[in-house]
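An overview of the molecular structure
Chain by chain, the residues run as shown.
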Amino acid sequence: MNSMNNVTTIKELVTKKITVLKEEVIDQYQVSFEVKKDDVHHLLSVLKQAGWRQLSYLSAVDWIEDNEFELVYIVFNWEKPVHIQIRCRIDRNAPTMDTILPIYPGAKYYEREAHEFFGIAFPGNDSHEKQLILENWDDIPPLRKDFDPKAYSDARFPKREYSNDHVEMNGQKESKQAKREERRTHILDLIKGGKK
Amino acid sequence: MMINILIGFGVALFGFVLQTSLGGINRKIIGRLQKRYGPKWYQEFLDIFKLLSKRAISHGWLFDFGVIMALGGIIATATFMPVTNSIVAFPNYDNFFIFVYLIAVGMLGMAMSASGSGNPYASIGVMRALTTMLAYEVPFMIVILTIIKLTGTSSITGIAEFQQLAGNNWFMIALPLGFIVSFMALMGMLGKKPFETYIAPAEIASGPMVEYGGKQLGMLFIMHEITVFIEVSLFVHLFLGGAENILIFLLKYAAVYTLVNLISNVYGRFKIDQVVKFFYKWPLLLAIVQAVIAVYLGWVI
Amino acid sequence: MKSTKFSELTQEQIDRKWWEIGDFFRRNSLWMLMYCTGCCAIELPPAMTSAYDMERLGMGPMATPRQADVLLVTGYLSLKTLRRLIYTYEQMSEPKYIVGFGSCTINGGIYHDSHAVINQLDRYIPVDVYVAGCMPNTESVMNGFVDLMTLIKNKQANGWIKYKENNDWYKQNQKEALGEVKIKDEFHE
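Residues numbered from 1 in each chain as written. Chains lettered and ligands numbered in written order. Predicted model: local features only at pLDDT ≥ 70, side-chain atom pairs only at ≥ 80, totals over all residues. Heavy atoms only, no water.

Take the overall build of chain A next. Each helix and strand counted, chain A has five helices and five strands in total. In sequence order, chain A lays out its α and β elements as α-β-β-α-β-β-β-α-α-α. Buried residues in chain A amount to 40% of all 196 residues. Long-range pairs, those at least 24 residues apart, make up 54% of the contacts in chain A with a sequence separation of at least 6. Within the structure as shown, chain A displays about 11,400 Å² of accessible surface, and the carbon and sulfur contribution to it stands at 50%. (Helix = DSSP H or I, 4+ residues; strand = E, 2+ residues; numbered from the N terminus. Buried < 20%, exposed > 50% of the residue type's maximum accessible area, 1.4 Å probe, protein only. Contact = heavy atoms within 4.5 Å. Areas by Shrake-Rupley, 256 points an atom, 1.4 Å probe, with all protein chains shown as cover.)

To continue, consider the nonpolar core. Core analysis: the largest hydrophobic core is formed by 80 residues, its most contacted members being Ile-230 and Phe-239 of chain B. Counting residues per element, this core draws most heavily on helix H10 (residues 215-239) of chain B, at 14 residues. Core analysis: the second largest hydrophobic core is formed by 47 residues, Met-92, Val-127, Met-149 and Tyr-170 of chain C among them. (Core = buried A, V, L, I, M, F, W, Y, C linked by side-chain atoms within 4.5 Å.)

So, about the interface of chain C and chain B. Taken together, the 29 residues of chain C in the interface contact 30 residues of chain B. Taking both sides of the interface into account, the surface hidden between chain C and chain B amounts to around 2,300 Å²; carbon and sulfur atoms contribute 54%. Taken as a group, Trp-31, Glu-55 and Arg-66 of chain C account for 27% of the area that chain C buries against chain B, more than any other trio of residues on that side. Viewed at the interface, chain B and chain C are joined by seven salt bridges. Ionic pairing is found between Asp-53 of chain C and Arg-36 of chain B, a salt bridge with its closest N-O pair at 3.2 Å. On the surface where chain C and chain B come into contact, there are 18 residue pairs in polar contact (both at pLDDT 80 or more). Those elements that place two or more of their residues in the side of chain C that touches chain B are helix H2 (11-28) and helix H7 (159-165) of chain C. Considering each element in turn, the side of chain C that touches chain B owes the most residues, six residues, to H2 of chain C. Split by residue class, the side of chain C that touches chain B holds eleven nonpolar, ten polar and eight charged. (Buried area = accessible area lost by both parts, 1.4 Å probe. Salt bridge = Lys/Arg side-chain N within 4 Å of Asp/Glu carboxyl O. Polar contact = N/O pair within 3.5 Å; in protein donor to acceptor, adjacent residues only side chain to side chain. Nonpolar A, V, L, I, M, F, W, Y, C, P; charged D, E, K, R; others polar.)

Here chain A shows a mean pLDDT of 81. Residues at 70 or above account for 89%. Within chain A, strand S4 (residues 68-76) of chain A carries the highest mean pLDDT (89), whereas helix H1 (residues 2-17) of chain A carries the lowest (74). (pLDDT = per-residue confidence, 0-100.)

Another point: the domain arrangement of chain A. You can read the domains of chain A as domain 1 (2-118) and domain 2 (149-159 + 170-193). Of note, the centres of domain 1 of chain A and domain 2 of chain A, computed from C-alpha atoms alone, are 36 Å apart. (Domains from an automatic or database assignment.)

Looking now at the packing of helix H4 (residues 96-116) of chain B against helix H5 (residues 120-151) of chain B. Residues and elements named next belong to chain B. Running from N to C, H4 and H5 cross one another at 175 degrees; their axes reach a closest spacing of 11 Å. Relative to H5, H4 is oriented roughly antiparallel. On H5, the residues that touch Phe-96, Phe-97, Ala-111 and Ala-114 of H4 are Ala-122, Val-126, Phe-140, Met-141, Ile-144, Leu-145 and Ile-148. (Axes fitted to C-alpha atoms, helices over the stretch in contact; angles between N-to-C directions. Parallel < 35°, antiparallel > 145°, perpendicular 65-115°, else oblique.)

Turning our attention to the state of the cysteines. Residues and elements named next belong to chain C. Under the criterion given, the structure shown has zero disulfides over all chains. The thiol of Cys-40 is unpaired, and the distance to the nearest cysteine sulfur, on Cys-39, comes to 5.2 Å. Judged by its relative accessible area of 5%, Cys-40 falls in the buried class. Cys-104 forms no disulfide, and the closest cysteine sulfur to it belongs to Cys-134, at a distance of 5.6 Å. Relative accessible area serves as the criterion here: at 10%, Cys-104 is assigned to the buried category. (Disulfide = S-S within 2.5 Å.)

With that settled, the discussion passes to the sheet that holds strand S2 (residues 60-61) of chain C. Residues and elements named next belong to chain C. Read across the open sheet, the five strands follow the order S2-S1-S3-S4-S5; overall the sheet is parallel. Edge positions in the sheet fall to S2 and strand S5 (129-131), since each of these pairs with one other strand and no more. The pairing of strand S1 (residues 31-35) with strand S3 (residues 70-74) spans four bridges and is parallel. Within S3, the residue paired with Met-34 across the bridge is Leu-72. Packing of helix H4 (residues 79-91) onto the sheet brings it into contact with S1, S3 and strand S4 (97-101), and relative to S1 it is tilted by some 160 degrees. (Pairing = 2+ DSSP bridges.)

So, on to the sheet that holds S4 of chain A. Residue and element names in this part refer to chain A. Strand order in the open sheet formed by five strands is S1-S2-S5-S4-S3, and the pairing between neighbours is mixed. Of all strands in the sheet, those with a lone pairing partner are strand S1 (20-27) and strand S3 (54-63), marking the two edges. Neighbour to neighbour, the strand axes of the sheet diverge by 20 degrees on average, direction disregarded. By the bridge criterion, six bridges tie S1 to strand S2 (residues 30-35) in an arrangement that is antiparallel. Following the sheet pairing, Glu-23 is matched in S2 by Phe-33. Running at roughly 170 degrees to strand S5 (residues 83-91), helix H2 (residues 40-49) makes contact with S2, S4 and S5 of the sheet. Packing against the sheet, helix H3 (residues 107-118) makes contact with S3 and S4, and its axis sits at approximately 15 degrees to S3.

Further remarks concern H4 of chain C. All names here are of chain C. For H4, built from 13 residues, the straight-helix expectation of 18 Å at 1.5 Å per residue is met to within 8% by its first-to-last C-alpha distance of 19 Å. Those residues of H4 not exposed but buried are Leu-79, Leu-82, Arg-83, Leu-85, Ile-86, Tyr-87, Thr-88 and Tyr-89. Buried residues in H4 make contact with S1, S3, S4, H7 and helix H8 (167-178). (Expected span 1.5 Å × (residues − 1).)

Inspection of the entire model under this criterion finds 37 aromatic pairs over all chains. On the basis of an interplanar angle of 65 degrees and a centroid distance of 6.4 Å, the ring pair of Tyr-136 of chain B and Phe-279 of chain B is categorised as edge-to-face. Of this pair, Tyr-136 of chain B sits in helix H5 while Phe-279 of chain B sits in helix H12 (residues 272-297), placing them 143 residues apart in sequence. Across the pair, Phe-279 of chain B and Tyr-136 of chain B agree in class, each one buried. Ring geometry for Phe-195 of chain B versus Phe-279 of chain B: centroids 4.7 Å apart, planes at 40 degrees, classification tilted. Taken together, the positions of Phe-195 of chain B in the loop between helix H8 (176-190) and helix H9 (201-204) and Phe-279 of chain B in helix H12 put the pair 84 residues apart, joining distant regions of the chain. Overall, Phe-195 of chain B belongs to the buried group, its relative accessible area being 3%. Phe-279 of chain B gets classed as buried once you look at its relative accessible area, which sits at 0%. Every member of this aromatic cluster is reached through a ring pair, and the members are Tyr-136, Phe-195, Phe-270, Phe-278 and Phe-279 of chain B. Above the ring of Trp-31 of chain C, the side-chain terminus of Lys-50 of chain B is found at 3.7 Å from the ring centroid. Looking at Lys-96 of chain C, its charged tip hangs above the ring of Tyr-89 of chain C, at a distance of 4.5 Å from the centre. (Phe/Tyr/Trp six-rings, centres within 6.5 Å; stacked < 30°, edge-to-face > 60°. Lys NZ or Arg CZ within 6 Å of the ring centre and 35° of its normal.)

Okay, the side chain of Arg-83 of chain C next. Looking at the secondary structure, you find Arg-83 of chain C in helix H4. By relative accessible area, which is 1% here, Arg-83 of chain C ends up buried. Leave out the neighbours within four places in its chain, and Arg-83 of chain C touches Glu-135 and Asn-136 of chain A together with Leu-178, Glu-180, Val-181 and Ile-183 of chain C.

Below, the structure written as structure tokens:
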């Protein structure tokens, strides 16, 4: 009962300050708000003052059909047991999002990670372009939906060769195979042509 | 003179063989404690000879020279060690202070070589080893000086014979507090578990030994075994009344070393500041109390 | 002087004899360096503790690459860990052996189509023994170690010699997968 109260107070707090595009109560410990890109900083600073002091995670989702990235900021309160997710959509073609370093300094490495895996730029975070996990990466960011990990892996890492008796491919689809071939040649070209 | 030197090297070799076999047996005992089968009793020999058969990487001449200096210094120290009352390589030179000075040569060589490797973990390990030494040396020396004051001699065989003449009244019984203090100091000296701070394999990757591999590590292992031999037999001579014959020596030696090992295997590891605080608190206090009781009040059983 | 029995042996034969003696010690005292990259590492605690007791074979964990003889690669290797594995392997003192655990080191396992995980470990560093399974159970892990001892006895555990002789091939493969092998990251500057 108490925690449901928490959720309603959070709703009041958020809706009073800014316009919420979509809200979702996942359970009594998690609430999700979708807001406009420009409202994120304001909302985060409001929440930080209200006690959500910790940025638990900054993640991204690739909605390739809508041609948009969705950034998910998860903040956590040490007094009230509620996680709040702040979601916002940004353009996929030129993904940029102002950094939240002044509000949550811990976002430094999450932003670097998001830049590395999705190619989202964070102006204001000086080190967002430094490599963190992938070293010497030479392709499009790997967690984008149009990246084909299988083709990359086939081109880059040689497979152990077995006789065909033991290998069973389930449902070889022609179209996907052709696409993979295309990407493989593309990657091989990249390797031959040197670093970008 | 030549025969004395030969006896001395014989003592060092004896110490190496004794300690290495006893170390293997102790590993087996610990294995049985933990409901394991345990390694072979000669496992430590296999380890050392395996290391000597491997190829080694050098990190500069200081690194190599330090290892040789450590091994040489420790062997030289071991030559002075009396085994029984009669087996003494250099009679009249088995003074306690000779061991204190000579063992420093080996330790210095090890510290030099470890610092020569350039690894920060090695420097941390050496620093911690020296800090631990500072910690246990103070209470230990107070107890030893008490013994020297009581017996009037600083010769190891002299002290052992003093205890035997007094009707097997060992200093272990005569100075019970001092015995407890120096047993703790012995555990610190041997680098056993609660005071294992300077080796700490999971924390600073075995400290000073971090960059050694192959032959150099094998030499350090031999050096370590002989060091343990020196320290434990010093303890046997000072507190357990020495030995009339070699059998008694083996018995007492094995008892002390096994006890140390059993105690060490039920403990976790102190942090370095905890080690220093521990040694400067209770052992130091007990040592001073023991010295006052024994020297000024004369209450010696 | 001429016809003593010892001097009839050539230098090569004498070296061989010494090597055989050394092999006896090496196979009875294998010190492991555990590079716990993946889930197969969970099979090592039961192998070390009272259930299977690795120490009776003379094996034990070691703290640094310099001291160790066997490198255990337990599980999948991403590009970043492969780079560190190569650094580690090259630091070990010879003779050195590698045991690869699980299907990930053999053919990529369930990560065969990942962009970050290599598929065949023995293209990048020489592997002496593979322990198959996803994950291998503890009996097969112990069996793998006994196999390694037999290989050392029969002089077949010569992966480190292969690495020296075919160094160009290995370096070429490493370069294909990793780009530059030695890089400076910001945490070790």
